[in-house]
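Chain residues, written in single-letter form:
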Amino acid sequence: MTVVNFSDIPAMIHKVTPESPIGIFDSGIGGLTVVKAVQAALPSERIIYFGDTARVPYGPKSQVTIRKYAFDDIAILMRYQPKMIIVACNTVSALALDVVEKACGSIPVIGVLKAGAELAVKATINNRIGVIGTQATICSNAYACAINMLNPEIQVVSQACPLFVPLAEEGLIEHPATQLIATEYLAEIRTKGIDTLVLGCTHYPILRRVIEETIGQGIRIIDSAEAVALRTKQLMTESELLNPSLKTCPPHLLVSDLPQKFSMLYQLFMGSELPDVELVDVG
């Protein structure tokens, strides 16, 4: 497989048109949940997806490292001259969204964190919201801040679930170990009287069934991918940048390591025919 080194490609003038692609990135396979939602809402759009599979997970890393990774990731996508960037990584949304926005200039950027917070605030009835995410996302307190900015009366209960990402990356959706770990992680949050639970990591919807079974009935699960897709459609419509083509095309997939494994997991999670997977060098 050919390795593409973007440092060897000369910079190009960024010209945005309706036919330009939407760029989406995440630390690994989790962002495919966002790809699927965007495809459903905007089937004519071209999508370039980058999964940083060489450096997943981002959650346990330091803020300095996460911000560097975010810069590397966006540099790869900007070579494709996207008309919009979607940060399908809650950790980057919490700790490095400004890095992405600065690198993109006038190109609009949507982060999954804000979209998920807005949807959760609309969904809660008793003003008690639970948030689960990576260690970095939870320690940043970004979800609680975003939710309380929208409604200061809401009580937010947060819980880090660091092992959920590797479980999802390994495809252990129905494994007994996943159930045991979910029971351990969610035991305390179940006692807090929440009526809404935010999946604060795009990997977590892959484990949605076990999370729903563990957290119990009657709790609204918030998957920010749906909110991101709706916001993307709104921005593209307002900017008159919707792709006029009636054709649908599979996403162009880029990964930084293990393309064969990514291919296998893509078919498992997306339930569709596998497009080509290109291996790129993040330096």
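Residues numbered from 1 in each chain as written. Predicted model: local features only at pLDDT ≥ 70, side-chain atom pairs only at ≥ 80, totals over all residues. Heavy atoms only, no water.

Lay out the sheet that holds strand β8 (residues 196-200) with the relevant residues and their values.
Read across the sheet, four strands follow the order β7-β6-β8-β9 without closing on themselves; strand pairing throughout is parallel. Among the strands making up the open sheet, the edge pair consists of β7 (155-160) and β9 (220-222). Direction aside, the axes of adjacent strands within the sheet are offset by 20 degrees on average. Relative to β7, strand β6 (residues 128-133) runs parallel, the two being bridged by six bridges. Looking at β7, one finds that G133 is bridged to A160. (Pairing = 2+ DSSP bridges. Helix = DSSP H or I, 4+ residues; strand = E, 2+ residues; numbered from the N terminus. Axes fitted to C-alpha atoms, helices over the stretch in contact; angles between N-to-C directions.)

Quick one: what's the story with the packing of helix α2 (residues 63-78) against helix α4 (residues 97-104), residue by residue and with numbers?
For any two helices packed against each other, the geometry is given by the interaxial angle and the distance between the axes. Packing of α2 against α4 leaves a shortest axis separation of 9 Å and a crossing angle of 30 degrees. Taken together, the axes of α2 and α4 are roughly parallel relative to one another. Like other packed secondary-structure pairs, α2 and α4 cross with a definite hand, here right-handed. Where α2 approaches α4, its residues R67, A70, F71, I74 and M78 are matched on the opposing element by D98, V99, V100, A103 and C104. Split by residue class, the contact of α2 with α4 holds eight nonpolar, no polar and two charged. (Parallel < 35°, antiparallel > 145°, perpendicular 65-115°, else oblique. Left-handed = near helix turned anticlockwise from the far one by under 90°. Contact = heavy atoms within 4.5 Å. Nonpolar A, V, L, I, M, F, W, Y, C, P; charged D, E, K, R; others polar.)

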